[in-house]
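Summary of structural features
Here is how the chains run, residue by residue.
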Amino acid sequence: MEKISFKIAWRSLFKNKRFTLINLGGLAIGLASSLLLLIYVANEWKFNSQYNDAENIFEVKANQLNDVQEIVSTGDLTPNTLAPTMKSEFSAIQEIAKITGVDQMLIVNGNAGIKAQNRFADADILKILRYKFIDGSSETAFKQPNSIILTRRTA
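The structure presented is a predicted model; accordingly, all values stated were derived computationally and were not measured. (Residues numbered from 1 in each chain as written. Predicted model: local features only at pLDDT ≥ 70, side-chain atom pairs only at ≥ 80, totals over all residues. Heavy atoms only, no water.)

A tally of helices and strands in the protein chain yields 4 helices and 4 strands. Computed over C-alpha atoms, the radius of gyration of the protein chain comes to 27 Å, more than 25% over the 15 Å expected from 2.2 N^0.38 for 155 residues, which places it beyond the range of a compact globule. C-alpha atoms of the protein chain, sized along the principal axes, occupy 80 × 55 × 30 Å. Taking as baseline every contact in the protein chain between residues at least 6 positions apart, the subset at least 24 positions apart corresponds to 19%. A total of about 14200 Å² of accessible surface is found on the protein chain, and carbon and sulfur atoms cover 58% of it. (Helix = DSSP H or I, 4+ residues; strand = E, 2+ residues; numbered from the N terminus. Rg over C-alpha atoms; globule rule 2.2 N^0.38 Å. Contact = heavy atoms within 4.5 Å. Areas by Shrake-Rupley, 256 points an atom, 1.4 Å probe, with all protein chains shown as cover.)

Right, let's get into the environment of Asn52. Here Asn52 lies in the loop between helix H2 (17-46) and strand E1 (62-65). Relative accessible area serves as the criterion here: at 70%, Asn52 is assigned to the exposed category. In sequence terms Asn52 and Gln104 are 52 residues apart; their C-alpha atoms lie 27 Å from each other. (Buried < 20%, exposed > 50% of the residue type's maximum accessible area, 1.4 Å probe, protein only.)

A few words now on the packing of aromatic side chains. Under the counting rule described, the total for this entry stands at 2 aromatic pairs. For the pair Trp10 and Phe14, a centre-to-centre distance of 5.2 Å together with 70° between the ring planes defines the contact as edge-to-face. Linking Trp10 with Phe14, this pair stays in helix H1 (residues 2-15), spanning 4 residues, or about one helical turn. Grouping aromatic residues by their ring pairs yields a cluster made of Phe6, Trp10 and Phe14. (Phe/Tyr/Trp six-rings, centres within 6.5 Å; stacked < 30°, edge-to-face > 60°.)

A word on the pattern of salt bridges. If charged atoms from side chains of opposite charge come close, those side chains can pair. This structure, assessed with the given rule, holds 2 salt bridges. A salt bridge links Lys61 to Glu59; the shortest N-O distance between them is 3.6 Å. As a salt-bridge pair, Asp124 and Lys127 come within 3.5 Å of each other at their nearest N and O atoms. Among the residues examined, Asp124 registers a relative accessible area of 28% and is labelled partly exposed. (Salt bridge = Lys/Arg side-chain N within 4 Å of Asp/Glu carboxyl O.)

The residue Gln69 is not glycine, and still its phi comes out positive at about 60°. Its place among the elements puts Gln69 in the loop between E1 and strand E2 (71-75).

Alignment of E1 against E2, held across 4 bridges, turns out to be antiparallel. If you follow Ala62 over to E2, its bridge partner there is Gly75. Counted along the chain from E1 to the antiparallel partner E2, the turn is 5 residues long, and its residue Gln69 has a positive phi close to 60°. (Pairing = 2+ DSSP bridges.)

Moving on, we come to H2. Along its 30 residues, H2 runs 43 Å from first to last C-alpha, staying within 8% of the 44 Å computed at 1.5 Å per residue. In terms of residue burial, H2 counts as a barely covered element, since only 1 of its 30 residues are buried. (Expected span 1.5 Å × (residues − 1).)

The next thing to look at is the pairing of strand E4 (residues 112-118). Bridge count for strand E3 (residues 103-109) against E4 is 7 bridges, and the pairing is antiparallel. Pairing of Asn109 across the sheet is with Ala112, part of E4. Hairpin remark: E3 followed by E4, antiparallel, with 2 residues in the connecting loop; positive phi at Gly110, about 70°.

Moving on: the environment of Ala83. With respect to the helices and strands, Ala83 occurs in helix H3 (residues 82-89). Of the residues examined, Ala83 reaches a relative accessible area of 16% and is grouped as buried. Sequence-wise, Ala83 and Val68 are 15 residues apart; in three dimensions their C-alpha atoms are separated by 27 Å.

This is how it looks when you write it as structure tokens:
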């Protein structure tokens with residue numbers, strides 16, 4: 001019985017080619033958009049989940065305006081005085097730190113070298129983002145000049 005039903009359906013598909021093409025196209029578009037939506041939602045759920053207190057951590061961005069005061073772009077470049085001013089003006093802010101944008105640098109040890117992403121940040125960043133160090137502690141991390149923090153992945 002199933003073999004006959006399959007055979008009839010197969011013949012019907014070839015008999016009505018436009019109808020078949022429209023249905024298969026709609027099915028393909030529906031599946032592709034569902035998968036894209038699923039990927040987007042999964043990314044939103046896991047965003048910043050590595051931080052214990054992620055719902056209380058915020059990032060400040062600045063709008064870049066043109067001559068007629070229209071927003072041209074938004075970026076993470078903010079004035080150096082913004083962090084201390086915000087800390088003094090808003091009592092709800094417990095800790096604040098400035099972080100530079102991502103940069104790549106070459107780290108060489110003898111003949112071995114790797115390209116690693118790095119950021120420069122204020123020492124207070126360790127009070128906001130709780131890192132697990134391979135060696136050392138957050139209390140002594142920025143006490144010496146030229147000190148560095150390495151993640152296990154980079155090390």
